[in-house]
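Next come the chains, spelled out residue by residue.
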Amino acid sequence: MKKIYSASNLMEAQIVLDLLEHAYIPAKIFNQHAQGMAGEIPVHHARPEIWIIRDDDYDRARQVIETYENTPINNAHIHCPSCGEENPANFQLCWKCGGGLEVAERCQS
Ligand SMILES: [Zn+2]
């Protein structure tokens, strides 16, 4: 087990986890319950952390995360067709329910 990333919030942690899983890198989120549901607990020191299961995946996982970090921020939003949650338009999967967003993208174009 190796810590690969410290996310600023649970949504970001979930995105990174999905990206890693798509690259066949098993990973887990820790501290995912550190943030109160209503956001009333300001915990700077307890950010959600992504840990990879296999240390050998470290270099590949870093590449995945660097690609994610270098992706230009797109301010457009789309709504998940499954749960209705708002997602950045460049997402392929809903951060909340994991549903595919391709349908929503097609509707926009
Ligand atoms: Zn959803």
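Use the structure listed above.
Residues numbered from 1 in each chain as written. Predicted model: local features only at pLDDT ≥ 70, side-chain atom pairs only at ≥ 80, totals over all residues. Heavy atoms only, no water.

A.B. asks: What should I look at first to understand the overall build of the protein chain in this one?
C.D. replies: Within the protein chain, the secondary structure is distributed over three helices and five strands. Traced from its N-terminal end to its C-terminal end, the protein chain shows the element sequence β-α-β-β-α-β-β-α. Looking at the 109 residues of the protein chain, the share that counts as buried comes to 33%. Surface accessibility of the protein chain: about 7,100 Å² in total, with carbon and sulfur atoms responsible for 51%. (Helix = DSSP H or I, 4+ residues; strand = E, 2+ residues; numbered from the N terminus. Buried < 20%, exposed > 50% of the residue type's maximum accessible area, 1.4 Å probe, protein only. Areas by Shrake-Rupley, 256 points an atom, 1.4 Å probe, with all protein chains shown as cover.)

A.B. asks: Can you walk me through a nonpolar patch on the surface in this structure?
C.D. replies: A surface patch of nonpolar side chains, amounting to about 240 Å² of accessible area, comprises Met-1, Phe-30 and Ile-53. Here Phe-30 is to be found in strand S2 (residues 27-30). Taking the relative accessible area as the measure of exposure, Phe-30 reaches 35% and is therefore partly exposed. (Patch = residues over 30% accessible without salt bridge, like charges linked within 9 Å, V, L, I, M, F, W, Y side chains within 5 Å. Salt bridge = Lys/Arg side-chain N within 4 Å of Asp/Glu carboxyl O.)

A.B. asks: Can you help me understand the packing of aromatic side chains in this one?
C.D. replies: Aromatic ring pairs are defined here through the distance separating the ring centres and the angle between the ring planes. Inspection of every chain in the model, using the stated rule, returns one aromatic pair. Between Phe-30 and Trp-51, the ring centres sit 5.9 Å apart and the planes meet at 80 degrees, which makes this aromatic pair edge-to-face. With Phe-30 in strand S2 and Trp-51 in strand S3 (residues 49-52), this residue pair connects regions lying 21 residues apart in the sequence. Directly above the ring of Tyr-58 sits Lys-2, whose terminal nitrogen or CZ lies 5.4 Å from the centroid. (Phe/Tyr/Trp six-rings, centres within 6.5 Å; stacked < 30°, edge-to-face > 60°. Lys NZ or Arg CZ within 6 Å of the ring centre and 35° of its normal.)

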